[in-house]
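Summary of structural features
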Amino acid sequence: MYNALTVAHYFVSQSQSTQQPITAHKAEFLVYFAHGWHLAIDGRPLIKDKVKAWRHGPVIESVHKFYSKQKDIYATLDVAILEQIKDRDRHFLDGIWEHYLHLNEMQMLEKCTDYGTPWYMTYQKSSGELVIDEKRIKQHYRLLHISNPDWCDLDDPFTMGNEGRIGA
């Protein structure tokens, strides 16, 4: 498991190397998507941090707080932190990057907050912030995974590239 900020830095690094723009919110959503898919495919969490259900969507507090204080998201990159990420996980994160790259923040937010998502199921039961249960995240992404057999193989949906796109 990684610190969520380490994974966020990886996506910021990808943005810089591919010259594809990224925002703080987009980086946070990518960490959330990666965590969900990792739970579904590998059965284990990708990040140590808990995901919270805030009013406007899922939040990973460490990432949210860190980037909310930054004016230049690229100035935060620390190459030493990126070296912690294993090659297998880099491959996985590259797949997440490629799959969600075409979405803007609002589209990502919709994928996180639509009816039936882990955020929706958690937040609707609360008037404040709650931690989104990892079992709920895993179940959601596992259902997405198995409901798209034409697009992904059962071991790793991101090895197939961008031939098709899945629902979340």
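Right, let's walk through the structure included here.

What counts, and where the lines are drawn
Residues numbered from 1 in each chain as written. Predicted model: local features only at pLDDT ≥ 70, side-chain atom pairs only at ≥ 80, totals over all residues. Heavy atoms only, no water. Phe/Tyr/Trp six-rings, centres within 6.5 Å; stacked < 30°, edge-to-face > 60°. Helix = DSSP H or I, 4+ residues; strand = E, 2+ residues; numbered from the N terminus. Buried < 20%, exposed > 50% of the residue type's maximum accessible area, 1.4 Å probe, protein only. Contact = heavy atoms within 4.5 Å.

Some words on the packing of aromatic side chains
- Inspection of every chain in the model, using the stated rule, returns nine aromatic pairs.
- An angle of 10° between the planes, with centres 4.1 Å apart, marks the rings of Phe33 and Tyr100 as stacked. Note that Phe33 is positioned in helix 2 (residues 24-42) and Tyr100 in helix 5 (residues 87-100), a separation of 67 residues in sequence.
- A relative accessible area of 0% places Phe33 in the buried class.

Section: the environment of Lys138
- Structurally, Lys138 can be placed in helix 8 (residues 134-146).
- The exposure class of Lys138 is partly exposed, given its relative accessible area of 33%.
- Sequence spacing of Lys138 and Asp42 is 96 residues, and the spatial spacing of their C-alpha atoms is 9.8 Å.
- Look past the residues within four positions of Lys138 in its chain and what remains in contact with it is Leu39, Ala40 and Gly43.

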